[in-house]
Amino acid sequence: MPLRHGGNQRFGYPVAAVVFAIGMAGTTLPTPLYGLYRERLGFSELMVTVVFAAYAVGVITVLLLAGNLSDVVGRRPVLLCALGLSAASALCFLFEGGVPMLLVGRVLSGFAAGLFSGTATATVLELAKPGQEARAGFAATAANMGGLGCGPLLAGLLAQYTPWPLSLPFLVHLALLAVAGVLTWLVPETVRTARTTRTDGTTGQGQRPLRSARRRPAALRVPPEVRGVFAPSAIAAFAGFALLGLFTAVAPSFVGQTLGVRNLAVSGAVVFTVFLGSTAGQSLTGRLGITRALPGGCLVLVAGLLLVGASLVVESLPLLVIGAVLGGTGQGLAFRAALTAVSAAASPEHRGGTISAFFVIAYLGISLPVVGVGALTLWLGLRGAGLTFAGCVIVLAACVGRYVLRRPPTER
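Residues numbered from 1 in each chain as written. Predicted model: local features only at pLDDT ≥ 70, side-chain atom pairs only at ≥ 80, totals over all residues. Heavy atoms only, no water.

**What to know about the pattern of salt bridges**
Part 1 of the reasoning: Evaluation of the coordinates by the stated rule reveals two salt bridges.
Part 2 of the reasoning: Arg383 is paired through a salt bridge with Glu315; the nearest N and O atoms lie 2.2 Å apart. One end of the pair, Arg383, is in helix H15 (residues 368-406); the other, Glu315, is in the loop between helix H12 (290-314) and helix H13 (317-345), and 68 residues separate them in sequence.
Part 3 of the reasoning: Here Arg383 falls in the partly exposed class, since its relative accessible area comes to 33%. (Salt bridge = Lys/Arg side-chain N within 4 Å of Asp/Glu carboxyl O. Helix = DSSP H or I, 4+ residues; strand = E, 2+ residues; numbered from the N terminus. Buried < 20%, exposed > 50% of the residue type's maximum accessible area, 1.4 Å probe, protein only.)

And the structure:
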């Protein structure tokens, strides 16, 4: 039976999770292809990181300007808009004519990710029946990180083993986006708006109360009572996202140039492992509790970065993979614990703005350090830049871990 507005929701949240995963996969699809673009267009490793960072600019812009748009117009229209932006990004890469088009494609991808992050997560959670909340929460986490990890894996396989390395990955993703669009249309709307209200004044099953069409986006705000928890939590998120940024921007270059492995499928699989670790880490956070998961995640992140650095010194691909899994696990543990701590500490009237501020800092972590790595490659080379990056993030994560061990956040 099709899922319709106010209809049967038995398959609602898994379907929404599939849409979420397809959308997020597009944001990392170009990762193993940057080396091909660099050879084709003749730009430097610094430009690779700048193209990648354009994505974060798009995400942060949406978080600042339209973070709660789906509360106003409904989940489904925003999801469809995000899918459209993702398709436009794929077309930019498919018909690229130089660096400017790549930059536009990455910004559009960032816009899509900014809309997906909040809207798709809320949709998955709201479609869960009573008693399914925990499973839906993990489904949202798995869809987010799993989608991000599957993008490079899919692109790497298609680029390595088909004759159309710079076109087929995006054609396949466009087909998946078309499927996601159909699924989104079938998923019930969970927000009551002026457009979805029935003529009898009622709404469909599972819908939330009517939201005012004049509601404005939540302002970024960190209330004084939250700042003690916010600062270490946000820095931990910054450090963890810096690791994700490193792997999604320049890890394929490390694999190809420093480790001498030219297989694009291997490069995509290496990036996949860090997101696989993140998904596993987030799944463990609930069992450990935030008071243990936040410092523990920071320490595991440090261990993973040490292995990543060691892999560059001894030129070992297996060591890099182990470091990616371990570092991703630490990132997942720390990130989910940090987000939970910040959300719990904020009062309901300031929660939206506080969480938006948290994500802005997290996404700064996925862009600024990576651009720094790109700049350092001009002087130190890829290995030297990677070791410098690892050292800086190790110090940052270790300091945060030590701080929250001494002053653990309070669980509520």
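The rest of the description comes next.
**Topic: the side chain of Ser233**
Part 1 of the reasoning: If you trace the backbone, Ser233 turns up in helix H9 (residues 227-249).
Part 2 of the reasoning: Taking the relative accessible area as the measure of exposure, Ser233 reaches 1% and is therefore buried.
Part 3 of the reasoning: For Ser233, the contacting residues outside a window of four places in its chain are Leu294, Ala338, Ala341, Val342 and Phe358. (Contact = heavy atoms within 4.5 Å.)

**Structural notes on the confidence of the model for the protein**
Part 1 of the reasoning: For the protein, per-residue confidence averages 83 on the pLDDT scale, and 87% of positions sit at 70 or higher.
Part 2 of the reasoning: Ranking the elements of the protein by mean pLDDT puts helix H4 (residues 69-73) last with 75 and helix H8 (residues 168-186) first with 95.
Part 3 of the reasoning: Low confidence marks residues 194-206, where pLDDT is under 50. Its contacts with residues over four positions away, or in another chain, come to 21 contacts.
Part 4 of the reasoning: Segment residues 208-215 is flagged for pLDDT under 50; beyond a separation of four residues in sequence, or across chains, it makes 19 contacts in the model. (pLDDT = per-residue confidence, 0-100.)

**Re H9**
Part 1 of the reasoning: Its 23 residues give H9 an end-to-end C-alpha distance of 31 Å, which sits within 8% of 33 Å, the value for a rise of 1.5 Å per residue.
Part 2 of the reasoning: When you tally the buried positions in H9, you get 18 out of 23 residues, the bulk of the element. (Expected span 1.5 Å × (residues − 1).)

**Let's talk about the packing of aromatic side chains**
Part 1 of the reasoning: For the structure shown, the criterion picks out nine aromatic pairs.
Part 2 of the reasoning: Centre to centre, the rings of Phe52 and Tyr55 are 6.3 Å apart; their planes meet at 40 degrees, and the pair counts as tilted. One end of the pair, Phe52, and the other, Tyr55, are both in helix H3 (residues 45-66), three residues apart, so they sit about a helical turn from each other. Residues Phe52 and Tyr55 agree in their burial class; the two are buried.
Part 3 of the reasoning: In this structure an aromatic cluster arises from ring pairing among Phe52, Tyr55, Phe241, Phe335, Phe358, Phe359 and Tyr363.
Part 4 of the reasoning: In this arrangement the basic side chain of Arg76 is found over the ring face of Trp185, its NZ or CZ atom lying 5.4 Å from the centre. (Phe/Tyr/Trp six-rings, centres within 6.5 Å; stacked < 30°, edge-to-face > 60°. Lys NZ or Arg CZ within 6 Å of the ring centre and 35° of its normal.)

**Quick look at the side chain of Thr258**
Part 1 of the reasoning: Structurally, Thr258 can be placed in helix H10 (residues 251-258).
Part 2 of the reasoning: Residue Thr258 is classed as buried on the basis of its relative accessible area, which comes to 11%.
Part 3 of the reasoning: Those residues in contact with Thr258 that sit more than four places away from it in its chain are Ser253, Leu312, Glu315, Leu382 and Arg383.

**Comments concerning the environment of Ala87**
Part 1 of the reasoning: With respect to the element layout, Ala87 can be found in helix H5 (residues 75-94).
Part 2 of the reasoning: It is 8.6 Å that separates the C-alpha atoms of Ala87 and Gly26, two residues lying 61 residues apart in sequence.
Part 3 of the reasoning: Not counting residues within four places of it along the chain, the set of residues in contact with Ala87 comprises Leu174 and Leu177.

**Some thoughts on unusual backbone geometry**
The general pattern is negative phi for most residues beyond glycine and trans for most peptide bonds.
Part 1 of the reasoning: We note that Glu315 has phi near 55 degrees; this positive angle belongs to a residue other than glycine.
Part 2 of the reasoning: On the accessibility criterion, Glu315 (44% relative accessible area) is partly exposed.

**Looking at the packing of H9 against H12**
Part 1 of the reasoning: For the pair H9 and H12, the least separation of the axes is 11 Å and the interaxial angle reads 30 degrees. One finds that H9 runs roughly parallel with respect to H12. When the axes of H9 and H12 are compared, the crossing they make is left-handed. Facing Ser233, Ala236, Ala239, Gly240, Leu243 and Phe247 of H9, the residues of H12 in contact are Leu294, Cys298, Leu301, Leu305 and Val308. (Axes fitted to C-alpha atoms, helices over the stretch in contact; angles between N-to-C directions. Parallel < 35°, antiparallel > 145°, perpendicular 65-115°, else oblique. Left-handed = near helix turned anticlockwise from the far one by under 90°.)

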